[in-house]
Amino acid sequence: MAGRNDTVVTEFFLTAFPEHPEWGLPLFLVFLSFYLLTLLGNTGMVILIRVDGRLHTPMYFFLGHLSFVDICYSSVTVPQMLAMLLERGAVLSYTRCAAQFFLFTFFASIDCYLLAIMAYDRYVAVCRPLLYVTVMTEKARWGLLAAAYAAGFSSAFVRTVTAFTLSFCGTNEIDFIFCDLPPLLKLTCGDSYTQEVVIIVFAIFVMPLCVLVILVSYVFIIVAIMRIRSAGGRAKTFSTCASHLTAVSLFFGTLIFMYLRGNSGQSSEEDRAVSVLYTVVTPMLNPFIYSLRNKEVKEAVVKALSRSKSHGRP
């Protein structure tokens, strides 16, 4: 193996569920329906927030951008996965693999930062309600959003350069649905200590840092809710955070399981199942989580539907 360390890898061959070729068409139809629901739900959420004046608040400002990022995040991987399921594999050039890895990391990082910012927004709304308007100004919102994009770009750039300066040897087959870090690490050979340190540092300063911001915010929120005397008041206040907590648990739960564990000896089928959760299922569920558990969004949906019906009448 040592003699193959300098082999130049010019392309990767991705396979999707090679142990079960008969799953190709059924999974294609399932994932296609999930992807269409992702596009429909998130696009609808963006439009709804834009057209309904009651949703022109900081929380929905960030939610609208989260929906936009989820569309991009899902579109980086799912169309290729659908093609792989039909063709039982896909060949990606080295450059295209790196580009996909960069874009996926970029949008996934922004997702992390936006969820953390939304937790901070809920903290200010619940714990500092009198200061909410002065803290969450339009300038502050755009500044936080720009910081999320800048941090996402920086982390994606560092991660991509780090991952693709590794030496790859042996097979160029990636038993995964897209070019992601865990399957790429399985193809490496030679000394990769420096790159692995950078990757670990990234993991520490993105996911755990965002999770820490979310946890601290909700500790203060829970303390504030417990001080409310009426049970109805506590339930009403907590309901404004329930959708965000559900989305956070779903997104970070799957990502932490995937990335903060060792990459050797893991089941490829297990990896693929988890990756489907955070690339296909989570972006699809987010708009439904926020619409079904949020009174303002439900009222805006009903209003939009009634308006469309009235316009459709002669």
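Reading the values: the criteria
Residues numbered from 1 in each chain as written. Predicted model: local features only at pLDDT ≥ 70, side-chain atom pairs only at ≥ 80, totals over all residues. Heavy atoms only, no water. Helix = DSSP H or I, 4+ residues; strand = E, 2+ residues; numbered from the N terminus. Buried < 20%, exposed > 50% of the residue type's maximum accessible area, 1.4 Å probe, protein only. Contact = heavy atoms within 4.5 Å. Areas by Shrake-Rupley, 256 points an atom, 1.4 Å probe, with all protein chains shown as cover. Phe/Tyr/Trp six-rings, centres within 6.5 Å; stacked < 30°, edge-to-face > 60°. Lys NZ or Arg CZ within 6 Å of the ring centre and 35° of its normal. Patch = residues over 30% accessible without salt bridge, like charges linked within 9 Å, V, L, I, M, F, W, Y side chains within 5 Å. Salt bridge = Lys/Arg side-chain N within 4 Å of Asp/Glu carboxyl O. UniProt positions renumbered as here; feature names shortened; annotations may be inferred. Core = buried A, V, L, I, M, F, W, Y, C linked by side-chain atoms within 4.5 Å. Pairing = 2+ DSSP bridges. pLDDT = per-residue confidence, 0-100. Axes fitted to C-alpha atoms, helices over the stretch in contact; angles between N-to-C directions. Parallel < 35°, antiparallel > 145°, perpendicular 65-115°, else oblique. Left-handed = near helix turned anticlockwise from the far one by under 90°. Nonpolar A, V, L, I, M, F, W, Y, C, P; charged D, E, K, R; others polar. Disulfide = S-S within 2.5 Å. Expected span 1.5 Å × (residues − 1).

A look at the overall build of the protein chain
1) Next: The number of helices and strands found in the protein chain is 12 helices and five strands.
2) Next: Buried residues in the protein chain amount to 48% of all 314 residues.
3) Next: Contacts in the protein chain between residues far apart in sequence, at least 24 positions, make up 82% of those at least 6 positions apart.
4) Next: When the accessible surface of the protein chain is split by element, carbon and sulfur atoms take 68% of a total near 15600 Å².

Some words on the packing of aromatic side chains
1) Next: Considering all chains together, one arrives at 17 aromatic pairs under this definition.
2) Next: Through a chain of ring-to-ring contacts, three or more aromatic side chains come together here, namely Phe102, Phe106, Phe107, Tyr149, Phe153 and Phe157.
3) Next: The ring of phenylalanine 61 carries arginine 141 above its face, with NZ or CZ at 5.4 Å from the centroid.

Observations regarding a nonpolar patch on the surface
1) Next: Taken together, the side chains of Tyr193, Val197, Val201, Phe205, Leu209, Leu212, Val216 and Phe220 present a nonpolar region at the surface, about 760 Å² in accessible area.
2) Next: Secondary structure elements with two or more residues in the nonpolar patch: α8 (193-205) and α9 (207-226).
3) Next: For leucine 209, the position within the fold is in helix α9.

As for the UniProt feature "transmembrane region" (unreviewed entry) in the protein chain
1) Next: The feature "transmembrane region" (unreviewed entry), as given by UniProt, occupies residues 23-48, 60-78, 98-120, 140-158, 197-225, 237-260 and 272-290 in the numbering adopted here.
2) Next: For the annotated span residues 23-48, helix accounts for 96% and strand for 0% of the residues, and the straight-line distance between the end C-alpha atoms is 37 Å.
3) Next: Helix makes up 100% of residues 272-290 and strand 0%. Its end C-alpha atoms lie 27 Å apart.

Topic: the nonpolar core
1) Next: The biggest cluster of nonpolar side chains holds 91 residues, and the ones touching the most others in it are Phe12 and Phe252.
2) Next: The dominant element in this core, judged by the number of residues it contributes, is helix α4 (residues 94-127), at 21 residues.

A closer look at the pairing of strand β1 (residues 11-14)
1) Next: Only one face of β1 is buried, namely the one carrying Phe12 and Leu14, since none of Glu11 and Phe13 on the opposite face is buried.
2) Next: Here β1 pairs with strand β2 (residues 90-93) via four bridges, running antiparallel. The residue bridging phenylalanine 12 from the neighbouring strand is leucine 92, located in β2.
3) Next: In this sheet, strand β4 (residues 173-174) lies alongside β1 in parallel orientation, the contact comprising two bridges. Each residue of the ladder has a partner; that of leucine 14, found in β4, is isoleucine 174.

Let's talk about the pattern of salt bridges
1) Next: With the rule as written, the count across this model stands at two salt bridges.
2) Next: For arginine 54, the salt bridge is made with aspartate 52, and the minimal N-O distance between the two is 3.3 Å.
3) Next: A relative accessible area of 5% places aspartate 52 in the buried class.
4) Next: Residues arginine 122 and aspartate 121 are paired through a salt bridge, measuring 3.0 Å at the closest nitrogen-oxygen approach. Each member of the pair, arginine 122 as well as aspartate 121, is classed as buried.

What to know about the confidence of the model for the protein chain
1) Next: Within the protein chain, residue pLDDT values average 81, and 86% of them lie at 70 or more.
2) Next: Note on residues 1-5: pLDDT is under 50 here. Beyond four places in sequence and across chains, it has 10 contacts.

Thoughts on helix α3 (residues 78-87)
1) Next: For α3, the full list of buried residues reads Val78, Gln80, Met81, Leu82, Met84 and Leu85.
2) Next: Among the residues trailing α3, arginine 88 stands out with phi positive, at a value near 60 degrees.

Comments concerning the side chain of asparagine 286
1) Next: Residue position: asparagine 286 is located in helix α11 (residues 268-292).
2) Next: On the accessibility criterion, asparagine 286 (6% relative accessible area) is buried.

Description of the packing of α4 against α9
1) Next: Two elements in contact, α4 and α9, have axes separated by 9 Å at closest approach and are oriented at 20 degrees. With respect to α9, the axis of α4 lies roughly parallel. Crossing angle aside, the handedness with which α4 passes α9 is left-handed. Contacts between α4 and α9 involve Cys112, Tyr113, Leu115, Ala116, Ala119, Tyr120, Arg122, Tyr123, Val126 and Cys127 from the first element and Met207, Cys210, Val213, Ile214, Ser217, Tyr218, Phe220, Ile221, Ala224 and Ile225 from the second.
2) Next: Per-class residue counts for the contact of α4 with α9 are 18 nonpolar, one polar and one charged.

Observations regarding the state of the cysteines
1) Next: Taken as a whole and assessed by the stated rule, the structure comprises one disulfide.
2) Next: Take cysteine 112: it sits in no disulfide, and the sulfur closest to it among the cysteines is that of cysteine 210, at 5.2 Å.

Let's talk about the sheet that holds β4
Two orientations exist for strands paired in a sheet by backbone hydrogen bonds: parallel and antiparallel.
1) Next: Ordered in space as β2-β1-β4, the three strands form an open sheet in which the pairing is mixed. Taken across any chain shown, the strands that pair with only one partner, and hence form the sheet edges, are β2 and β4.
2) Next: Lying over the sheet, α4 contacts β1 and β2, oriented at roughly 90 degrees with respect to β2.

Re helix α2 (residues 58-75)
Residues three or four positions apart in an α-helix share a direction because the helix packs 3.6 residues into each turn.
1) Next: Spanning 18 residues, α2 covers 26 Å between terminal C-alpha atoms, matching the ideal 26 Å at 1.5 Å per step.
2) Next: Across the 18 residues of α2, 16 count as buried, placing the element largely inside the fold.

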